[in-house]
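Architecture and fold: a report
So you can see what is in the structure, the chains are spelled out below.
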Amino acid sequence: SILFLPVVAVSIYKMMDKIMLGSFSSIEEVGYYENAEKIIQLPITMVSALGTVMLPRVSNMIRNNKENEVKRISSKTLPFVTFLTIPIIMGLIAVGKDFSILFLGEKFKKSGDLIQLLVITVIFVSWGNVIRTQYLIPKERDKEYVASVFLGAIVNFIINYILIPKYQSVGACIGTIFAEFVVVLYQI
């Protein structure tokens, strides 16, 4: 199936951040970035579980020509996901620095700054998950989904190439933020 391509693309552009950081910066910067990214993955995984649960249900409704029901559910899911992610984002922005010191140690204080940047991606990834699992995949719009992920990978590479040499792990965060934004914008 064509749906394995986005998994590969996402894996590549997640590894690409670290490879480019290691090439243009230092191993310490890779460590700061990787630890911040791991912490951000926790809320993303929680919110993404909703999409995993909804995909079979929405697919079944589409197969049974229940378009109005799909629209009703979709119109509730996006605000619900937004309602869940905004407090997570605000909370991690507020406590990101202290959180990184508490869980990673004083040496990883910079990871707190990166958490405060990367947490912005939670909303984009969450919206993209809803669009993907409640519209693109059930409607067999696989090409659009694949294209969005590859476009995100290209944007991430270009921004990383420009920003990492000067801004190191902060540049990688900015690249990731823009990449996730472009993915969800394309899907919309």
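Above this text is the structure in question.
This section reports on the structure supplied with the text. None of these values were measured; they are calculated from a predicted model. (Residues numbered from 1 in each chain as written. Predicted model: local features only at pLDDT ≥ 70, side-chain atom pairs only at ≥ 80, totals over all residues. Heavy atoms only, no water.)

**Overview of the packing of aromatic side chains**
Here the structure, examined in full by the defined rule, presents six aromatic pairs. Taking 5.3 Å as the distance between ring centres and 65° as the angle between the ring planes, the aromatic pair formed by Phe124 and Phe181 counts as edge-to-face. Of this pair, Phe124 sits in helix α5 (residues 121-136) while Phe181 sits in helix α7 (residues 169-187), placing them 57 residues apart in sequence. Phe124 gets classed as buried once you look at its relative accessible area, which sits at 14%. Between Phe157 and Tyr161, the aromatic rings sit 6.2 Å apart at their centres with planes inclined by 20°, giving stacked as the arrangement. With Phe157 and Tyr161 both in helix α6 (residues 142-167) and four residues apart, this pair spans about one turn of that helix. Ring pairing ties together the aromatic residues Phe24, Phe157 and Tyr161, which thus form one cluster. (Phe/Tyr/Trp six-rings, centres within 6.5 Å; stacked < 30°, edge-to-face > 60°. Helix = DSSP H or I, 4+ residues; strand = E, 2+ residues; numbered from the N terminus. Buried < 20%, exposed > 50% of the residue type's maximum accessible area, 1.4 Å probe, protein only.)

**Structural notes on the environment of Ile159**
Note that Ile159 resides in helix α6. Taking the relative accessible area as the measure of exposure, Ile159 reaches 17% and is therefore buried. Distance from Ile159 to Gly175, taken between C-alpha atoms, is 5.0 Å for residues 16 residues apart in sequence. Here Ile159 is in contact with Ile164, Gly171, Ile174, Gly175 and Phe178, once residues within four sequence places are set aside. (Contact = heavy atoms within 4.5 Å.)

**Looking at the packing of α6 against α7**
Interhelical geometry of α6 versus α7 gives an angle of 160° and a closest axis separation of 7 Å. On the basis of their axis angle, the class for α6 and α7 is roughly antiparallel. Both α6 and α7 take part in a crossing whose hand is right-handed. (Axes fitted to C-alpha atoms, helices over the stretch in contact; angles between N-to-C directions. Parallel < 35°, antiparallel > 145°, perpendicular 65-115°, else oblique. Left-handed = near helix turned anticlockwise from the far one by under 90°.)

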